[in-house]
Amino acid sequence: RGKAGEGGAMTPMDFDALVALLARIFLANGTSPGVADILARNCAGAERDGAMSHGLFRMPGYVATLRSGWVDGRAQPVVEDGGASFLRVDAANGFAQPALAAATPMAMAKARATGACVVAIRRSHHFAALWPDVEPFAEAGLVAIAMVDSMAVVVPPGAKKPVYGTNPLAFAAPRAGGKIVVFDQAVSLLAHGDVQIAARERHALPEGAGVDAAGRPTRDPRAVLDGGALLPFGGHKGAAIAMMIEIMAAALTGGLYAHEVDWSGHPGAQTPCTGECVILIDPARGGSAAGFAARVEQLVEALRAAGQERMPGDRRFAAREKALREGVAVSAEMLARLGGLVAN
Ligand code: NDP
Ligand code: PYC
């Protein structure tokens, strides 16, 4: 995968300095300090981890969206008690991550007290990788599943137009020794962000990623972006997961389906305003005599013994370790672009 926005010499940046720079950009474009900090950590964290489709390359999109008035960067999320194991959150047309942060202490307390907690977030904008929404829960000993619906760019099997979003699903669980397992994946063969990067870098898409405006299979990223669409991974099986995510992230939460997102009145807007569902489970309530984390570790060991060397998350964790040691590599071109987002 290419490095988005590459150009000129690469400067290693201290992670905290990068977070501070991004926070300045968010603040300069109308977010509250709390929202600026959460989004800056999220976006810098994606770059640090080599999750390039949701790293620094997304900053101009955040800024264009804030300037369009489509999202409220100062929204105050409202957390509503929905029952012993249920929280509803009205993100109030703000970003999903501050809404999840507002619900987190109560959600964890409910999960520990009752065994599980559903956090149903509505009227929320999600423009980021989803693993930051699950990893901290697994690090705290809980199992976490998160689902978000995005904008309609994925065509269901047999359909003539896109209905589903690229709808990411993330899962994280504790392993022995304080480690975690985590995966985070779009339901489309490629995330929309990767198609944008491929178009910029003039790379062909893999076979089966998308169709052009006439519905013909194409490997040309521009054809997908100019009126074409993406395809779910695994045909009808990926499409079924896309449907589940629409139901959980929109119907259950009270948010919008991907095909209902209408930002036509806000030129420049890029963040889908939909919903997010996060499910927390306390694995200590389960039936494993050996202990949940030890059982997860046994599975990882069996996979390694069978020949699977790379677990999901391994690539990111290795990139994180290196970036925290050596700095996050940022190109001169990207630094100039980021500087422009503070000033203009
Ligand atoms: P990838 O296909 O790159 O990766 C999906 C998962 O598979 C990751 O957990 C990855 O681990 C793991 N993985 C990849 N290759 C291997 C391998 N060879 N062996 C074992 N595991 C592997 O992700 P996507 O392109 O589907 O999604 C990219 C990002 O886009 C995600 O963070 C997602 O949340 C985000 N997204 C956000 C949307 C939104 O609405 N906010 C919409 C759609 C996508 P690792 O991370 O370590 O590589
Ligand atoms: O990469 O598909 C994507 C995406 C949609 C919204 C944010 N990211």
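What comes next concerns the included structure. (Residues numbered from 1 in each chain as written. Chains lettered and ligands numbered in written order. Predicted model: local features only at pLDDT ≥ 70, side-chain atom pairs only at ≥ 80, totals over all residues. Heavy atoms only, no water.)

## Topic: the overall build of the protein
Put simply, the test is: The helix count covers DSSP runs of H or I at least four residues long, the strand count covers runs of E at least two residues long, and both are numbered beginning at the N terminus. Just to be clear, the radius of gyration here is over C-alpha atoms, and the globule rule we use is 2.2 Å times residues to the power 0.38. Burial here depends on accessible area, computed with a 1.4 Å probe over protein chains only, as a share of the maximum for the residue type. Under 20% is buried, over 50% is exposed, and the range in between is partly exposed. Every residue pair with non-hydrogen atoms within 4.5 Å of one another is taken to be in contact. Each accessible area value is a Shrake-Rupley result obtained with a 1.4 Å probe; residue values ignore everything except the protein chains displayed when judging cover.
Per the secondary structure count, the protein includes 11 helices and 12 strands. Against the compact-globule benchmark of 20 Å for 344 residues, the protein has a radius of gyration of 20 Å, which places it among compact chains. Summarising its shape, the C-alpha atoms of the protein cover approximately 55 × 50 × 45 Å along the three principal directions. A buried classification covers 50% of the 344 residues belonging to the protein. Summarising the internal contacts of the protein: among those between residues at least 6 apart in sequence, 68% fall at separations of at least 24. Here the protein has roughly 14,800 Å² of accessible surface; of this, 58% comes from carbon and sulfur atoms.

## Points about empty space enclosed by the protein
Going by this rule: A cavity here means a set of 1 Å grid points, computed over protein atoms only, where a 1.4 Å probe fits but cannot escape. A pocket is an open set with protein on both sides within 12 Å along at least 5 of 7 lines, and lining residues have an atom within 4 Å of a point. Grid points are joined across faces, edges and corners, and a volume is the space filled by probe spheres set on the points. Here the term charged refers only to Asp, Glu, Lys and Arg, the term nonpolar to Ala, Val, Leu, Ile, Met, Phe, Trp, Tyr, Cys and Pro, and the term polar to all other amino acids, Gly among them.
Evaluation of the coordinates by the stated rule reveals two cavities of 30 Å³ or more. Size it by volume and the largest cavity reaches roughly 40 Å³. Looking at the largest cavity, the residues that line it are Val35, Asp72, Gly73, Ala75, Pro77, Ala91, Gly94, Phe95, Pro98 and Ala99. In terms of residues, the lining of the largest cavity owes the most to one element, strand β3 (residues 86-95), which gives three residues. Looking at the lining of the largest cavity, its residues break down into seven nonpolar, two polar and one charged.

## A few points about the packing of helix α1 (residues 15-28) against helix α3 (residues 59-68)
What describes two packed helices is the angle between their axes and the distance between those same axes. Filter applied, for reference: Between N-to-C directions, angles cover 0 to 180 degrees, with each direction set by a line fitted to C-alpha atoms, over the stretch in contact for helices. When describing relative orientation, an angle under 35 degrees is termed roughly parallel and one over 145 degrees roughly antiparallel, while 65 to 115 degrees is termed roughly perpendicular and anything else oblique. Helix crossings are classified by the rotation of the near helix relative to the far one: an anticlockwise turn of less than a right angle makes the crossing left-handed, while a clockwise turn makes it right-handed.
Relative to each other, α1 and α3 sit at 20°, their axes nearing to 10 Å. The angle between α1 and α3 falls in the class roughly parallel. Of the two elements, α1 crosses α3, and the hand of that crossing is right-handed. Between α1 and α3, the contacting residues are Leu22, Ile25 and Phe26 on the first element and Met59, Tyr62, Val63 and Leu66 on the second. For the contact of α1 with α3, the class distribution of residues is seven nonpolar, no polar and no charged.

## Points about the packing of aromatic side chains
Put simply, the test is: Within 6.5 Å between ring centres, the rings of Phe, Tyr and Trp (the latter by its six-membered ring) count as paired, and their orientation is classed by plane angle as stacked under 30 degrees, edge-to-face over 60, tilted in between. Over a ring means this: the NZ of a Lys or the CZ of an Arg is within 6 Å of the ring centre and within 35 degrees of the ring normal.
In this structure the tally under the stated criterion is five aromatic pairs. A ring pair is formed by phenylalanine 171 and phenylalanine 183, whose centres lie 5.8 Å apart and whose planes are at 25°; its orientation type is stacked. Of this pair, phenylalanine 171 sits in strand β6 (residues 169-174) while phenylalanine 183 sits in strand β7 (residues 180-185), placing them 12 residues apart in sequence. The class of phenylalanine 171 is partly exposed, set by a relative accessible area of 26%. A cation over an aromatic ring shows up here: arginine 48 above the ring of phenylalanine 15, its NZ or CZ 4.8 Å from the ring centre. Between arginine 58 and the ring centre of phenylalanine 127, over which it is positioned, the NZ or CZ distance is 4.7 Å.

## A few points about the site of ligand 2
Note the following rule: One heavy atom within 4 Å of a molecule or strand is enough for the residue carrying it to be called near that molecule or strand. Pairs of N or O atoms within 3.5 Å make up the polar contacts considered here, provided that, within protein, one atom can donate a hydrogen while the other can accept it, and that residues adjacent in sequence are counted only when both atoms are side-chain atoms. For this analysis, a molecule is said to be in a pocket or cavity if more than half of its atoms are within 2 Å of the grid points defining it. Just so you know, the domain bounds were taken from an automatic or database domain assignment.
Neighbouring residues of ligand 2: His54, Arg58, Phe127, Ser150, Met151, Thr166, Ala191, His192 and Gly193. At 2.7 Å from a nitrogen atom of ligand 2 is found a side-chain nitrogen or oxygen belonging to histidine 54. Protein contact buries 94% of the 240 Å² of open area that ligand 2 shows by itself. Of the pockets mapped on this structure, ligand 2 occupies the largest pocket. Two domains each put at least three residues into the shell around ligand 2: domain 2 (76-187 + 235-310) and domain 3 (189-231).

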